[in-house]
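Spelled out from the first residue to the last, the chains are:
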Amino acid sequence: MNAEKTGNLIYEIRTRKNLTQKELAELINVSDKAVSKWERGEGCPDVSIMPNLAAALGIEVETLMNGEMPLTQDVSGKQIKEYNFRQPDRYSRNMQRDIWMLGDTICQKINPEFTAMIGERFEANVSCVDQMINIEFLRSIPQKCFFYDFSFAEGGLCIEIDGELGKGILKQDSKKYESINQYDLEVFKQFHLVSIAESLAGEICKRTENAIPGDLFAVKSAKAYGNSTTAMQEDNVMMLELSISCKVGNTQGFINLQFSEKMLANMMEANFFNEAASNRVKFQELSSIKHKHLSDNIFVEFGRYNPDAVELELGKILILDKKETEGLNVVYENRVIHTGKVMSIDDDWGVQITESVQLNNLIYDEEDYLSVQLGSAALSKEEISSLHQGSYVVLKQRAGELCKIIRSGKVIGTGEICIADDRFAIRIVECR
């Protein structure tokens, strides 16, 4: 045992728990001078004291003897982003992957066709697939562009081509002819847009056995605009963007496909997405007989509330007392030990600890209470004790999953988190 390392560990955990040397000493029936001696590295706790000291610090005896905390949950290689309840994840990674593959098919088709028409090498590759709301998409693309609306509001899509790229494909000098007139739009529509539309129609109709009508992609009926602000769309409706990076000569730009919420719903119903069939299959995870099962002991909550006079009704919105900017409570043994910012970690809910000092002043001892819970996790004592500002807790629930409404430890309903003014709220989806 290294006295200096063990002493530093005792000091670190004691101060993190807001305990004085005297308070820790009283918990394990030693003098505060003994604790001070250990923390200075001038001696080690006696073996007989180790179990009580480890319990008081909330760690294992082995950790205390090693003088080092084990690592917190490993999130290396995982996609981590802050979760925005105003814009929830609606489309899964599998759906986005299928749209990416659709984009690859389009690129394979238009690369040789555009090269032949232009007489110059044309290269297109999928850049990204992202979900956003309509207004964000319109703000992200150039104001001057080749913009074609395939009945977007009625369940179709839009195709946008950056202005300079469109001019380059038309063999025009965009510096001399910056404006995009109706003639440019019509020429691009007849000779180039048709390749993109036909590729889309062929792949989508094939995958859905013509459940999505091919005439949806009719180029002749597509509305053409030279300015993206002309497009009339509902601002806050979710959509998926397929962004294709293109290059012709020295000109680079993007072709962006905007899939409407209605179209994605129709594609899902028509089994375009691979996960549509798998959703009808039941899954059950098996547990190894050698695996030690840990019960959930960490709970991430929006708060606990007085249950008096609270009645759950479908569609009813309960407004919580926590502001949108505030961290959620990380609860262990009915005590708030941290607050955390909601994240999505791969496909799961998670929190990032936003403060480094544990909150010992908030202890839940009420037997009757109402709780709104984001999710839970099973962590070891070492993982719990090693949580600090910036570390992550990965929860067992999938990001976007309905939150539980709990009364006195029993789930009585589920709901969707939303925002009411600047506070969190939950819209009742199920009552039990």
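Source: prediction; values computed, not measured.

Definitions and cut-offs
- Residues numbered from 1 in each chain as written.
- Predicted model: local features only at pLDDT ≥ 70, side-chain atom pairs only at ≥ 80, totals over all residues.
- Heavy atoms only, no water.
- Helix = DSSP H or I, 4+ residues; strand = E, 2+ residues; numbered from the N terminus.
- Rg over C-alpha atoms; globule rule 2.2 N^0.38 Å.
- Buried < 20%, exposed > 50% of the residue type's maximum accessible area, 1.4 Å probe, protein only.
- Contact = heavy atoms within 4.5 Å.
- Areas by Shrake-Rupley, 256 points an atom, 1.4 Å probe, with all protein chains shown as cover.
- Lys, Arg positive; Asp, Glu negative; His and termini not counted.
- Charge placed at Lys NZ, Arg CZ, Asp CG, Glu CD.
- Pairing = 2+ DSSP bridges.
- Axes fitted to C-alpha atoms, helices over the stretch in contact; angles between N-to-C directions.
- Parallel < 35°, antiparallel > 145°, perpendicular 65-115°, else oblique.
- Left-handed = near helix turned anticlockwise from the far one by under 90°.
- Nonpolar A, V, L, I, M, F, W, Y, C, P; charged D, E, K, R; others polar.
- Phe/Tyr/Trp six-rings, centres within 6.5 Å; stacked < 30°, edge-to-face > 60°.
- Expected span 1.5 Å × (residues − 1).
- Bend = angle between axes of the 7 residues up to and from the residue.
- Salt bridge = Lys/Arg side-chain N within 4 Å of Asp/Glu carboxyl O.
- Polar contact = N/O pair within 3.5 Å; in protein donor to acceptor, adjacent residues only side chain to side chain.
- Core = buried A, V, L, I, M, F, W, Y, C linked by side-chain atoms within 4.5 Å.
- pLDDT = per-residue confidence, 0-100.

Participant: Quick question: what am I supposed to make of the overall build of the chain here?
Facilitator: Within the chain, the regular secondary structure consists of twelve helices and 17 strands. Rg of the C-alpha trace for the chain: 29 Å, well past the compact-globule value of 22 Å for 432 residues, more than 25% over. Going through the 432 residues of the chain one by one, you find that 47% of them count as buried. Counting only contacts in the chain whose residues sit at least 6 apart along the sequence, the fraction spanning at least 24 positions is 70%. Carbon and sulfur atoms make up 47% of the accessible area of the chain, which amounts to about 22600 Å² in all. Both charge centroids of the chain, one from 48 positive and one from 65 negative side chains, sit 1 Å from each other.

Participant: I keep staring at the sheet that holds strand β2 (residues 122-133) and nothing clicks. Help me out?
Facilitator: Backbone-to-backbone hydrogen bonds join strands into a sheet, with any given pair of strands oriented parallel or antiparallel. Across the sheet, six strands lie side by side as β2-β6-β7-β4-β3-β5; this open sheet has antiparallel pairing. Unpaired on one side and paired on the other, β2 and β5 (223-227) mark the two borders of the sheet. Averaged over all pairs of adjacent strands, the angle between strand axes in this sheet comes to 20 degrees, irrespective of strand direction. Two elements, strand β4 (residues 157-162) and strand β7 (residues 251-259), share five bridges in a ladder whose sense is antiparallel.

Participant: Where do I start with the packing of helix α2 (residues 21-28) against helix α3 (residues 32-39) in this structure?
Facilitator: Two quantities define a packed helix pair, namely the angle between the helix axes and the distance between the axes. One can describe the packing of α2 onto α3 by two numbers: an axis separation of 8 Å at closest approach and a directional angle of 110 degrees. Relative to α3, the element α2 lies roughly perpendicular. Regarding α2 and α3, the two cross each other, and that crossing is right-handed. Within the contact between the two elements, α2 uses Gln21, Lys22, Leu24, Ala25 and Ile28 and α3 uses Asp32, Val35, Ser36, Trp38 and Glu39. Residues of the contact of α2 with α3, tallied by class, amount to five nonpolar, two polar and three charged.

Participant: Any chance you could explain the pairing of strand β10 (residues 328-332) here in plain terms?
Facilitator: On any regular strand, side chains alternate: one points to one face of the sheet, the next to the other face. In terms of residue burial, β10 counts as a mostly covered element, since five of its five residues are buried. Inspection of the sheet shows strand β8 (residues 298-305) paired to β10 by four bridges, in the antiparallel sense. Residue pairing for β10: Glu301 is matched across the bridge by Asn329. Relative to strand β11 (residues 335-345), β10 is paired through five bridges, and the arrangement is antiparallel. By the bridge assignment, Asn329 is partnered in β11 with Thr339. The hairpin turn running from β10 into β11, its antiparallel successor, is two residues long, and Glu333 in that turn takes a positive phi close to 50 degrees.

Participant: I would appreciate a short explanation of the packing of aromatic side chains in the present structure.
Facilitator: Each pair of aromatic rings is reported with the distance of its centres and the angle of its planes. On inspection of all chains with the given rule, the structure shows six aromatic pairs. The interplanar angle of 50 degrees and the centroid separation of 6.3 Å between the aromatic rings of Phe147 and Tyr225 together place this pair among those described as tilted. Taken together, the residues span a long stretch of sequence, with Phe147 in strand β3 (residues 144-150) and Tyr225 in strand β5 at a distance of 78 residues. Looking at Phe147, the relative accessible area reads 0%, which means it is buried. Relative accessible area serves as the criterion here: at 18%, Tyr225 is assigned to the buried category. Note on Phe302 and Phe424: the rings are 5.1 Å apart at their centroids and 70 degrees apart in plane angle, and the pair reads as edge-to-face. Placement of Phe302 in strand β8 and of Phe424 in strand β17 (residues 423-431) is noted, with a sequence separation of 122 residues between them.

Participant: Help me understand helix α6 (residues 93-118) in this model?
Facilitator: In an α-helix there are 3.6 residues to a turn, and that puts residues three or four apart on one side. Taking 1.5 Å per residue as the helical rise, α6 with its 26 residues ought to reach 38 Å, and the 35 Å between its terminal C-alpha atoms agrees with that figure. Approximately 30 degrees is the largest bend angle found in α6, and it occurs at Ile110, with the proline Pro112 only one to four residues beyond. Buried within α6 we find Met95, Gln96, Asp98, Ile99, Leu102, Gly103, Ile106, Cys107, Ile110, Asn111, Phe114 and Ile118.

Participant: Sorry, what's going on with the pattern of salt bridges here?
Facilitator: A side chain of one charge can pair with a side chain of the opposite charge when the charged atoms of the two come close. One pass over the structure, following the stated rule, counts 15 salt bridges. Asp98 is the salt-bridge partner of Arg97, the closest N and O atoms lying 3.3 Å from each other. We classify Asp98 as buried; its relative accessible area is 0%. Two residues, Lys144 and Glu178, come together in a salt bridge whose shortest N-O distance is 3.5 Å. Of this pair, Lys144 sits in strand β3 while Glu178 sits in the loop between α8 (163-169) and α9 (182-207), and the two are 34 residues apart along the sequence.

Participant: Please explain the side chain of Ser260 as it appears in this structure.
Facilitator: Topologically, Ser260 is positioned in the loop between β7 and α10 (261-269). For Ser260, a relative accessible area of 2% puts it in the buried group. Only 2.7 Å separates the side chain of Ser260 from the backbone oxygen of Gly156, close enough to count as a polar contact. When residues no more than four places from it in sequence are discounted, the contact partners of Ser260 are Phe152, Gly155 and Gly156.

Participant: How should the nonpolar core be read in this particular structure?
Facilitator: One recurring pattern in soluble globular proteins is that nonpolar side chains are buried together. Judged by nonpolar contacts, the single largest core of 54 residues is most densely connected at Ile99, Ile159, Leu200, Phe217, Leu257, Phe259 and Met267. Listed in part, the 33 residues of the second largest apolar core include Phe85, Tyr305, Leu370 and Phe424.

Participant: Sorry if this is basic, but what is going on with the confidence of the model for the chain here?
Facilitator: Note: predicted coordinates in regions of low pLDDT should not be interpreted at a detailed level. Of all residues in the chain, 91% have pLDDT values of 70 or greater, and the mean over the chain is 86. Taken together, the stretch residues 276-282 has pLDDT below 50 and engages in four contacts with residues farther than four places along the chain or on a different chain.

Participant: How should I be thinking about the packing of α2 against helix α4 (residues 50-57) in this particular structure?
Facilitator: Close contact between α2 and α4 brings their axes to 9 Å; oriented N to C, the two are set at 130 degrees. Overall, the two elements α2 and α4 adopt an arrangement that is oblique. When the axes of α2 and α4 are compared, the crossing they make is right-handed. Across the interface between the two elements, Leu24, Leu27 and Ile28 from α2 touch Asn52, Leu53, Ala56 and Leu57 from α4. Here the contact of α2 with α4 is built from residues that sort into six nonpolar, one polar and no charged.

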